[in-house]
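Per-entry structural report
Residues per chain, in single letters:
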Amino acid sequence: MIQTIIRWCRRHRAGHVLTILCALAALSSPSGGSSAAAPIAVAVADFDYFDTSGEVVDQSAEHRARVASFAKLLRDNLAAQGDYRVVTIECRDHPCTAASMSQDVFIAAVRKAGARLVVYGGIRKMSTLVQWGEIQLLDLEAEKLLMRRTVTFRGDNDAAYRHAADFVSNTLKETMPKP
């Protein structure tokens, strides 16, 4: 935009002072040379999983994969928006969940990753058809819980987890601070 203004000034034979004033005006305009605010660093922890359905068939491998996919979908959805930079929590033992570490160790790992915000929670399978999750969003800078939300979803398949992750992502985006 600055170049366009400068070319216009030159084409219309504006003097050097006027050209400089045009360039300064372009730089001070909102769409001029100002850069967008840096994305907010957010960590999405792995999610805990509890199966209390009492089903006979062992589905633990499928559930681990779906819960890992759920967290990955949240990370991908938040990163795609551009307002957030997703950072990775490093931990000694995997998965890196809020329940698998002490609170102090979990928060230290999130801070070490450089995150301002952290999303964490767990999913519980209640029956063959019904699962529910508790999702929490913590602002480490403000030391404030921004959201605690319980969501329920039907189905124990990849599509059900994708649908739930999309819903949770949209809910998070509505709640999270903007840069």
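Please refer to the structure placed before this passage.
As a starting point, this report considers the structure included with it. Model, not experiment: these values are computed from the prediction. (Residues numbered from 1 in each chain as written. Predicted model: local features only at pLDDT ≥ 70, side-chain atom pairs only at ≥ 80, totals over all residues. Heavy atoms only, no water.)

**Notes on the pattern of salt bridges**
- Applying the stated rule across the entire model yields ten salt bridges.
- The partner of Asp76 in a salt bridge is Lys72, with the nearest N and O atoms 2.7 Å apart. With Asp76 and Lys72 both in helix H3 (residues 60-81) and four residues apart, the pair spans about one turn of that helix.
- Arg148 serves as the salt-bridge partner of Glu134, at 2.9 Å between the closest nitrogen and oxygen. Linking Glu134 in strand S5 (residues 130-139) with Arg148 in strand S6 (residues 144-154), this pair joins segments that are 14 residues apart in sequence.
- Its relative accessible area of 23% is what places Glu134 among the partly exposed residues.
- Overlapping salt bridges bring together Glu55, Arg66, Lys125, Asp156 and Asp158 as one network. (Salt bridge = Lys/Arg side-chain N within 4 Å of Asp/Glu carboxyl O. Helix = DSSP H or I, 4+ residues; strand = E, 2+ residues; numbered from the N terminus. Buried < 20%, exposed > 50% of the residue type's maximum accessible area, 1.4 Å probe, protein only.)

**Observations regarding the environment of Pro95**
- Looking at where Pro95 falls in the secondary structure, it is placed in the loop between strand S3 (84-87) and helix H4 (103-112).
- On the accessibility criterion, Pro95 (46% relative accessible area) is partly exposed.
- Between the C-alpha atoms of Pro95 and Phe47, which are 48 residues apart in sequence, the distance is 7.8 Å.
- Ignoring any residue separated from it by four or fewer positions in sequence, one finds Pro95 in contact with Asp46 and Ser100. (Contact = heavy atoms within 4.5 Å.)

**Looking at the packing of H3 against helix H5 (residues 158-175)**
- Close contact between H3 and H5 brings their axes to 9 Å; oriented N to C, the two are set at 40°. Overall, the two elements H3 and H5 adopt an arrangement that is oblique. Crossing of H3 against H5: the hand is right-handed. Two secondary-structure elements touch here, H3 through Arg66, Val67, Phe70, Leu73, Leu74, Asn77, Leu78 and Gln81 and H5 through Asp158, Tyr161, Arg162, Ala164, Ala165, Asp166, Val168, Ser169, Leu172 and Lys173.
- Partitioned by chemical class, the residues of the contact of H3 with H5 number ten nonpolar, three polar and five charged. (Axes fitted to C-alpha atoms, helices over the stretch in contact; angles between N-to-C directions. Parallel < 35°, antiparallel > 145°, perpendicular 65-115°, else oblique. Left-handed = near helix turned anticlockwise from the far one by under 90°. Nonpolar A, V, L, I, M, F, W, Y, C, P; charged D, E, K, R; others polar.)

**Focus: the nonpolar core**
- Among the nonpolar cores identified, the biggest contains 26 residues, and Phe47, Phe70, Leu74, Val119, Ile135, Leu172 and Met176 are the most heavily contacted of them.
- Elements supplying a minimum of two residues to this core: strand S1 (40-44), H3, strand S4 (117-125), S5, S6 and H5.
- Apart from the residues within four sequence positions on either side, Phe70 is in contact with Phe47, Ile123, Ile135, Tyr161, Ala164, Ala165 and Val168.
- By size, the runner-up hydrophobic cluster in this structure holds 17 residues, among which are Ala45, Cys91, Cys96 and Met101. (Core = buried A, V, L, I, M, F, W, Y, C linked by side-chain atoms within 4.5 Å.)

**Here's the deal with the side chain of Asp156**
- Examined against the element boundaries, Asp156 turns out to sit in the loop between S6 and H5.
- You can call Asp156 buried: its relative accessible area is 15%.
- One polar contact links Asp156 to Lys125, side chain to side chain, over a distance of 2.5 Å.
- Polar contacts involving the side chain of Asp156 include one to the side chain of Gln131, which spans 3.3 Å.
- When near neighbours in sequence (up to four residues on either side) are disregarded, Asp156 contacts Gln59, His63, Arg66, Lys125, Thr128, Gln131 and Tyr161. (Polar contact = N/O pair within 3.5 Å; in protein donor to acceptor, adjacent residues only side chain to side chain.)

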